[in-house]
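# Fold and contact review
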Amino acid sequence: MDAPAFALGDIALFERPVEFVTPFRFGAVTVERAHQAFVRVEIVLADGRRSIGGTAELMVPKWFDKRPHLSPEATVDELRGALALARAHYLATERRATAFGHHGACYPAHMAAATAAGLPALAAAFGPAQMDKAILDALLRAQGIDVFTGFSGNVMGLDARLTPDLSADQITAFLAARRPLPQVALRHTVGMADPLTGPGGLAAIVEETGARFFKLKLSGDGAADAARLAAIWQVLEQVEGARASLDANEQYADLASLRALLAQLSSDAALRPLFHRLLYLEQPLPRDLTLETPLDGLGADLPLIIDEADDSYGAFPAARALGYGGVSSKSCKGLYKSLLNGARARTFGGFLTGEDLTCQAGLAVQQDTALAAFLGLTHVERNGHHYAPGFGAAPAAEAGRFAAAHPDFYETTAAGPRLAIRAGKLETGGLGVPGFASAALPDWDSLSPLWTPNAAPLNPEGVLP
């Protein structure tokens, strides 16, 4: 399949508030509300045709940047700044390029400028990640092909310019061999503040959704984590075939405290049954220590993966060399990095996992689920619907368009469209429509222009103050 070159005509940035119905506690922060960013891109093809594409992603406070001196609001402002800066870099390139060619041309300069301005690399990469998803959506719509066909045929022109450990042939072979999964199992996150019993508790969620996979948040306090996991196991031991992952969100300060927790999990009679159901442990150490600290065999009994430390194209191979088994795939960190890391896992070993970051209904959850299905991830963290159910503040007409376009992905309820979770799984076949996993787009006029970090509004055309 040819990878067409095109120019960028316009990039507009928006946001919409999201109110959580239950607090989400991870690491050292509790989130009760957030803003979802939206990007609308127009591309201009060589024959003069124009096409519009879009994407959306929740701007989660204190995940991309956990530095204690920053307020949650300040970390969201960083993400707004990353979006505005990425827009400026992408529009500064007037030449035609493939979808990945635009990324390859803009990403290094953007990352250098953003990190020089004080943004952590993970926050800086949020900007290009959103540009790339919207650009790909516009390209797929212009070509009239679905994302699975586009990925397999490399319509985006993915190459090895940012990953010299891979060859172009290895990338092409990986993409061509993919067969998207027709279903992806939901992995339900149990936040540190989530109730385990009673209305809205873990037991009720299992009954309602049929979930069999779970993600259990850790606090970094070994004794408290062990007690919490023991309580969770009292619920999960009733779930046939239950499997779980652990997520420490950078909260363990060193390997010694982590070893102590794992030793207790594997030896304590109350915890040992859960330990044998665990799949992997996600991001235990602070990101700054992760790629400086060999695991010295720690991942032998339970694989460890990186997530927040996955802030560059070199992070996964560096982590593998230290003993880590895998890396997370998240659209908010960059779809091209997920695809290239998938090629690395196939070529050199290791594995990818599907993590969510509370993707919201509509473009965000559909695009990330489609990426997971293409990568062959049989289960993926999908908890955005639990903390902010339905389409939230979106107009009813917008929610209705998405639900009508994807009737196997959403179900109609008295409260409006919701994710259709059947026997703990999501159907992905209906995401194979022209575009990046969506036959619908947001009601752009209902969105607010993105606000810049200094609280001055950035208009939808992206004019910087």
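Report on the accompanying structure. Owing to the predicted nature of the structure, the values given are computational and were not obtained by experimental measurement. (Residues numbered from 1 in each chain as written. Predicted model: local features only at pLDDT ≥ 70, side-chain atom pairs only at ≥ 80, totals over all residues. Heavy atoms only, no water.)

### Remarks on the overall build of the protein
In terms of helices and strands, the protein carries 16 helices and 15 strands. At 21 Å, the protein has a C-alpha radius of gyration in line with the 23 Å of a compact globule built from 465 residues. When the backbone C-alpha atoms are referred to their principal axes, the protein occupies close to 70 × 50 × 45 Å. In the protein, buried positions account for 58% of the 465 residues. When contacts within the protein are restricted to residue pairs at least 6 apart in sequence, long-range pairs at least 24 apart make up 75% of them. Surface exposure of the protein reaches about 16,300 Å², of which carbon and sulfur atoms provide 54%. Within the protein, the 50 negative side-chain charges are centred at a point lying 3 Å from the centre of the 39 positive side-chain charges. (Helix = DSSP H or I, 4+ residues; strand = E, 2+ residues; numbered from the N terminus. Rg over C-alpha atoms; globule rule 2.2 N^0.38 Å. Buried < 20%, exposed > 50% of the residue type's maximum accessible area, 1.4 Å probe, protein only. Contact = heavy atoms within 4.5 Å. Areas by Shrake-Rupley, 256 points an atom, 1.4 Å probe, with all protein chains shown as cover. Lys, Arg positive; Asp, Glu negative; His and termini not counted. Charge placed at Lys NZ, Arg CZ, Asp CG, Glu CD.)

### Describing the packing of aromatic side chains
For any pair of aromatic rings, the description rests on two quantities: the centre-to-centre distance and the angle between the ring planes. For the structure shown, the criterion picks out 14 aromatic pairs. Measuring from centroid to centroid gives 5.0 Å for Phe-151 and Phe-374, while their planes differ by 55°, and the two rings are tilted. With Phe-151 in helix H5 (residues 147-152) and Phe-374 in helix H14 (residues 363-375), this residue pair connects regions lying 223 residues apart in the sequence. For the ring pair Phe-409 and Tyr-410, a centre distance of 5.3 Å and an interplane angle of 80° mean the geometry is edge-to-face. Overall, Phe-409 belongs to the buried group, its relative accessible area being 1%. You can call Tyr-410 buried: its relative accessible area is 3%. Aromatic rings pair up to connect Phe-20, Phe-24, Phe-26 and Tyr-387 into one cluster. The residue whose ring lies beneath Arg-40 is Trp-444, and the NZ or CZ to ring-centre distance is 5.6 Å. (Phe/Tyr/Trp six-rings, centres within 6.5 Å; stacked < 30°, edge-to-face > 60°. Lys NZ or Arg CZ within 6 Å of the ring centre and 35° of its normal.)

### Observations concerning the packing of helix H12 (residues 315-322) against helix H13 (residues 335-348)
Relative to each other, H12 and H13 sit at 35°, their axes nearing to 10 Å. Note on element contacts: H13 touches H12 through Asn-341, Arg-344, Ala-345 and Phe-348, opposite Phe-316, Pro-317 and Arg-320. Residues of the contact of H12 with H13, tallied by class, amount to four nonpolar, one polar and two charged. (Axes fitted to C-alpha atoms, helices over the stretch in contact; angles between N-to-C directions. Nonpolar A, V, L, I, M, F, W, Y, C, P; charged D, E, K, R; others polar.)

### A word on helix H7 (residues 202-209)
By the burial criterion, the buried members of H7 are Leu-202, Ile-205, Val-206 and Thr-209. Taken end-on, H7 shows its buried residues confined to a sector of 100°, consistent with a single buried face. Away from the buried face of H7 by more than 90 degrees, exposed residues Glu-207 and Glu-208 are located. Its buried side turned inward, H7 meets strand E4 (183-190), strand E5 (213-217), helix H8 (222-236) and helix H15 (384-387). A positive phi of about 75° marks Gly-210, the residue just after H7. (Arc of directions from axis to C-beta.)

### Topic: the sheet that holds strand E15 (residues 448-449)
Sheet architecture is open: four strands sit in the order E3-E2-E1-E15, paired in antiparallel fashion. Bordering the open sheet on either side are strand E3 (50-59) and E15, each of which pairs with just one other strand. Bridge analysis of strand E2 (residues 29-45) against E3 gives ten bridges, and the strand direction is antiparallel. Each residue of the ladder has a partner; that of Ile-43, found in E3, is Ser-51. Packed on one face of the sheet, helix H1 (residues 72-92) meets strand E1 (6-26), E2 and E3 and runs near 165° to E1. Together, E2 and E3 form the strand contacts of H14, whose direction differs from that of E3 by roughly 95°. (Pairing = 2+ DSSP bridges.)

### Digging into unusual backbone geometry
For Asn-249, which is not glycine, the phi dihedral falls at a positive 50°. Following the sequence through the fold, Asn-249 ends up in the loop between strand E6 (243-247) and helix H9 (255-267). Backbone geometry places Glu-250, a non-glycine residue, at a positive phi of 70°. Relative accessible area serves as the criterion here: at 10%, Glu-250 is assigned to the buried category.

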